[in-house]
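Summary of structural features
The lines below spell out each chain.
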Amino acid sequence: MSSIIKVVIILCVVEWYFAHETTHEEINLPQVSNELENLKLEMRSMQKYMTEVFRKNELIQLENDKLKKENKVLQNQIGSLETKTIKIERTMNQMKTTFEWTRHLITEKEAAETVNQDKVSRIETLGGINTIQEKSPRLIVPAASQGYPVVGFNAVLTHDVSLGPHQTLVFDTVITNVGQAYEPRDGQFSAPYSGLYLV
């Protein structure tokens, strides 16, 4: 019997003794012995109950430890998922940036193709002008045949420019410059004679 049970039994006997306010002569030993046996039985029953409680407590503790381990595993998985989520977000941002850059490049390419198409059209126009000049030079400078001084120029711009207010447009390709009145370096045309000039 454990020491706890013995202490409890002794305390019970002392309590019973004082509760009945008897003297030593009045104690009925068989009755006390019977009470002690009953107490022992109760204590054994209590001991079994406590053993069962301790056993259940140990099972609960084991279950609790198991849940703690599972919780730790779940926390690690959550951390791993959070890391993957961050990586996915970074990848999506990179893809978005790449998409926007690609769209920008496509826009630039389309703009460049438009410019190139304009240049091709201008070159074709230049070719047409040269053909016209070769076939009928009188169309370019008709005044020469009538004895008037001839002044005129024909020039084109083969690339796009953005012009500001009061900005002079300087053509980069001069086809004809009869009378040398057009200055291709600064785009200035100086009329040497008074008269009507066609633009």
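Located above this text is the structure these notes cover.
Our subject in this report is the structure included herewith. (Residues numbered from 1 in each chain as written. Predicted model: local features only at pLDDT ≥ 70, side-chain atom pairs only at ≥ 80, totals over all residues. Heavy atoms only, no water.)

**Regarding the overall build of the chain**
On a plain count of helices and strands, the chain comes out with two helices and four strands. In the chain, the order of α-helices and β-strands from amino to carboxyl end is α-α-β-β-β-β. In the chain, which comprises 199 residues, the share counted as buried stands at 10%. Counted over contacts in the chain with a minimum sequence separation of 6, partners at least 24 positions apart contribute 42%. Of the roughly 16,500 Å² of accessible surface on the chain, a fraction of 59% belongs to carbon and sulfur atoms. (Helix = DSSP H or I, 4+ residues; strand = E, 2+ residues; numbered from the N terminus. Buried < 20%, exposed > 50% of the residue type's maximum accessible area, 1.4 Å probe, protein only. Contact = heavy atoms within 4.5 Å. Areas by Shrake-Rupley, 256 points an atom, 1.4 Å probe, with all protein chains shown as cover.)

**Looking at a nonpolar patch on the surface**
On the surface, M46, Y49, M50, V53 and F54 cluster together to form a nonpolar patch covering roughly 500 Å² of accessible area. As for its position among the elements, M46 is in helix α2 (residues 29-135). (Patch = residues over 30% accessible without salt bridge, like charges linked within 9 Å, V, L, I, M, F, W, Y side chains within 5 Å. Salt bridge = Lys/Arg side-chain N within 4 Å of Asp/Glu carboxyl O.)

**Quick notes on the packing of aromatic side chains**
Within this structure, the stated rule accounts for four aromatic pairs. Aromatic side chains F153 and F189 sit 5.5 Å apart centroid to centroid with 35° between the ring planes, which places their arrangement in the tilted category. Of this pair, F153 sits in strand β1 (residues 152-156) while F189 sits in strand β4 (residues 188-189), and the two are 36 residues apart along the sequence. A residue is classified by how much of its surface remains accessible, and F189, at 30% relative accessible area, is partly exposed. For the pair F171 and Y182, a centre-to-centre distance of 6.3 Å together with 55° between the ring planes defines the contact as tilted. Separated by 11 residues along the polypeptide, F171 in the loop between β1 and β2 (173-178) and Y182 in strand β3 (residues 182-183) bring together distant segments of the chain. Three or more aromatic residues link up through ring pairs in this structure, and these residues are F153, F171, Y182 and F189. (Phe/Tyr/Trp six-rings, centres within 6.5 Å; stacked < 30°, edge-to-face > 60°.)

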